[in-house]
Amino acid sequence: MDKTDKPRVRFAPSPTGQLHIGNVRTALYNWLFARKTGGSFVLRIEDTDVERSEKRFETQLMEDMKWLGLDWDEGPDVGGPYPPYRQSDKMSVYRSYADRLIREQKAYYCFCTAEQLERERQQAMAEGRQPIYSGKCRELDRDEAERRRTDGEAAAIRLKIPEHPIRFHDIVRGNVEFSNEVVSDPIIVRSSGMPVYNYVVVIDDADMKITHVIRGDDHISNTPKQVALYEALGLPVPEFAHLSTILGPDRERLSKRHGATSVANFREMGVLPEALMNYLALLGWAPSGGDREIFPEDDLIREFSLERVTPAPAIFDNDKLNWLNRHYLKQSPPERIHSLAAGFLQRAGLLPETADQSITAWANRLIDLLAPYVDRLEQLPQRASIIFHTDPQAALASEENSQVFANEKAIVVVQGFGPRIANDSPLTAERFKAVTNEIKAETGAKGKDLFHPVRIALIGSHSGPDFDRLIPLIEEGSRLSLPVHVESVRERVQEFLAALEQRK
RNA sequence: GUCCCCGUCGUCUAGCCCGGCCUAGGACAUCGCCCUUUCACGGCGGUAACACGGGUUCAAAUCCCGUCGGGGACGCCA
């Protein structure tokens, strides 16, 4: 098959803000479809909204997509056979198509003012009628319209919607039909001369030979207008696939008040791109059989099909994303996690900006120890507080911990450490274990009764990583010069005993 | 309000198009047990759904109609 026969899809965001997770899924499905079919994935920047579009958002957007691994075959930066890939560079094209539609009487000038239209709309709604444009200017005599325009009266251009129902095919939803009674003659060019989204999107998709329009279902009721435009222009109508909306837990459209919604948010939280992609792929699509969850990129490309996209809206589930992220965190090569995680610890002020080899080696062991405990890398500094921060008072203040020390034996256990480790320098994991066993024999405490008090004394919590790895890490950390001093085991025990004393 | 879309465990979903294999499968979450001289990880197991009402049929999650519920669109925004 020739390349020109292959599907061509596009992702067409407007650079008016951060890349939203819903748009990312749209981009992903487009990309998967293109990669699966050997087609082309086009990136087009929709910046006809001059007021809100900003260059920095465009730059960010492309960076976000690269981070996610969504590469495009054609776009404003790499070019392609159907330039330009930025709408603001294309105004004259839109203008000439509009002129042609006027000439062929498929579109007409509309002199109605915004206020007038708003009034009509309100009235229609109040009367329970379909709030569509009355078509008043449609019947205007051409010569008269021309005269009024030359007299300087502002006029928008409207497309004539045909007098029959408009049908189109949607891969996700099947055949969709709209009665022409419910669709207004859409404005395609504003009275300012600036073309409107619903119009340029069709021109662009047609110009770029887009074969499959895959987008959010908020566009579904725009589609009849666009189909009418394709037909007026005599251009082939593409296939559509409208993806359902992503909702928040309250079943409302996912938005900022639900928390993280942009790619940047997730990256900053320490979510891996492959976890995000895997999760989003599963949100609205499932493989046949539906019993597989882990999908590396290649498998996703192999298995993906638009026919299997579900039409129902989906609620974004952070727990499942976390689960996938934990999975990929564990799967990643340690070096990758080390460097990513180090960034989070640096920003939290726990590691120096530039670390020598001994610090880096230590930090890597710290990360290895703690990473299995987190959903997202951003939780690492918090987790690391067991190493960097000691606060015996606070530890004893907690309900759970004070219960442990309500038992006199718990106090005796910790006291047992004082003299035994006083001269040990450095304290090894082996020595620590030996001491613990001595205390076990002496006090008769074992299991939780033995380990809970010791843990609380050392890290402020009765649960945490294995002592065999924890002790050496604390001891070595205490001898490194770090932005935040790591207290040695001895210091911890002493301070804790002091706090216990004080409590009495 | 009108139009459009959607409706299987709490959540994502498989099954639906082509009725019987569905005693409705998987995953996340949750609960329990095991592992662990703590916890987490891991392993094993449990709870949990065809929105409702009518049809059609020997047989309906699957087909038809209605109701209810949710979302979206109705713009000289994208």
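Keep in mind it's a predicted model, so treat the numbers as computed, not measured. (Residues numbered from 1 in each chain as written. Chains lettered and ligands numbered in written order. Predicted model: local features only at pLDDT ≥ 70, side-chain atom pairs only at ≥ 80, totals over all residues. Heavy atoms only, no water.)

## As for the packing of aromatic side chains
No. 1: Scanning all chains against the criterion turns up 11 aromatic pairs.
No. 2: Measuring from ring centre to ring centre gives 5.9 Å for Phe266 and Phe316, while their planes differ by 45 degrees; the resulting arrangement is tilted. Placement of the pair is Phe266 in helix α8 (residues 263-268) and Phe316 in the loop between β11 (314-315) and α11 (318-331), with a sequence separation of 50 residues. Each member of the pair, Phe266 as well as Phe316, carries the same accessibility label: buried.
No. 3: A ring pair is formed by Phe451 and Phe467, whose centres lie 5.8 Å apart and whose planes are at 25 degrees; its orientation type is stacked. With Phe451 in helix α20 (residues 448-459) and Phe467 in helix α21 (residues 467-478), the pair connects residues that are 16 residues apart, well separated along the chain.
No. 4: Residue Phe467 is classed as buried on the basis of its relative accessible area, which comes to 7%.
No. 5: Sitting above the plane of the Trp67 ring, Arg267 keeps its charged end 5.2 Å from the centroid. (Phe/Tyr/Trp six-rings, centres within 6.5 Å; stacked < 30°, edge-to-face > 60°. Helix = DSSP H or I, 4+ residues; strand = E, 2+ residues; numbered from the N terminus. Buried < 20%, exposed > 50% of the residue type's maximum accessible area, 1.4 Å probe, protein only. Lys NZ or Arg CZ within 6 Å of the ring centre and 35° of its normal.)

## Some details on the sheet that holds strand β7 (residues 187-189)
No. 1: Taken in spatial order, the three strands line up as β3-β4-β7 in an open sheet, and their pairing is antiparallel. Looking at the sheet topology across the chains shown, the edges are occupied by β3 (107-110) and β7. When strand polarity is set aside, the average angle formed by the axes of neighbouring strands in this sheet is 45 degrees. (Pairing = 2+ DSSP bridges. Axes fitted to C-alpha atoms, helices over the stretch in contact; angles between N-to-C directions.)

## Focus on the environment of Leu101
No. 1: Relative to the helices and strands, Leu101 resides in helix α3 (residues 91-103).
No. 2: Setting aside residues up to four positions removed in sequence, Leu101 forms contacts with Lys106, Ala107, Leu159, Ile188, Tyr199, Leu229, Ala232 and Leu233. (Contact = heavy atoms within 4.5 Å.)

## Observations regarding the side chain of Gln87
No. 1: Positionally, Gln87 belongs in the loop between α2 (55-68) and α3.
No. 2: Overall, the relative accessible area of 1% leaves Gln87 in the buried class.
No. 3: Apart from residues lying up to four places away in sequence, Gln87 is in contact with Arg44, Ile45, Glu46, Asp47, Thr48, Tyr94, Val200, Val201 and Asp204.

## Describing unusual backbone geometry
No. 1: In this structure, Pro84 follows Pro83 across a cis peptide bond, with omega equal to -5 degrees.
No. 2: Unusually for a residue other than glycine, Gln105 sits at a positive phi of about 60 degrees.
No. 3: Looking at where Gln105 falls in the secondary structure, it is placed in the loop between α3 and β3.
No. 4: Even without glycine at this site, Arg251 takes up a positive phi of about 70 degrees.
No. 5: Tracing the chain through its elements places Arg251 in the loop between β10 (246-247) and α8.

## Some points on the pattern of salt bridges
No. 1: Going through the model one piece at a time under the given rule, you end up with 36 salt bridges.
No. 2: The partner of Asp250 in a salt bridge is Arg257, and the shortest N-O contact between them spans 3.3 Å.
No. 3: Arg257 sits in the exposed class, given a relative accessible area of 58%.
No. 4: Connected through shared salt-bridge partners, Arg10, Arg44, Glu46, Lys90, Asp204, Asp205 and Asp207 make up one network. (Salt bridge = Lys/Arg side-chain N within 4 Å of Asp/Glu carboxyl O.)

## Remarks on the environment of Glu438
No. 1: Inspection of the secondary structure assignment puts Glu438 in helix α19 (residues 429-443).
No. 2: A relative accessible area of 34% means that Glu438 is categorised as partly exposed.
No. 3: With 18 residues separating them in the primary sequence, Glu438 and Arg420 have C-alpha atoms 9.6 Å apart.
No. 4: Beyond its immediate sequence surroundings of up to four residues, Glu438 is in contact with Arg420 and Arg431.

## Describing the confidence of the model for chain A
No. 1: With 99% of its residues at a pLDDT of 70 or more, chain A shows a mean pLDDT of 89.
No. 2: For this predicted complex, the interface confidence comes out at an ipTM of 0.94, alongside a pTM of 0.92. (pLDDT = per-residue confidence, 0-100.)

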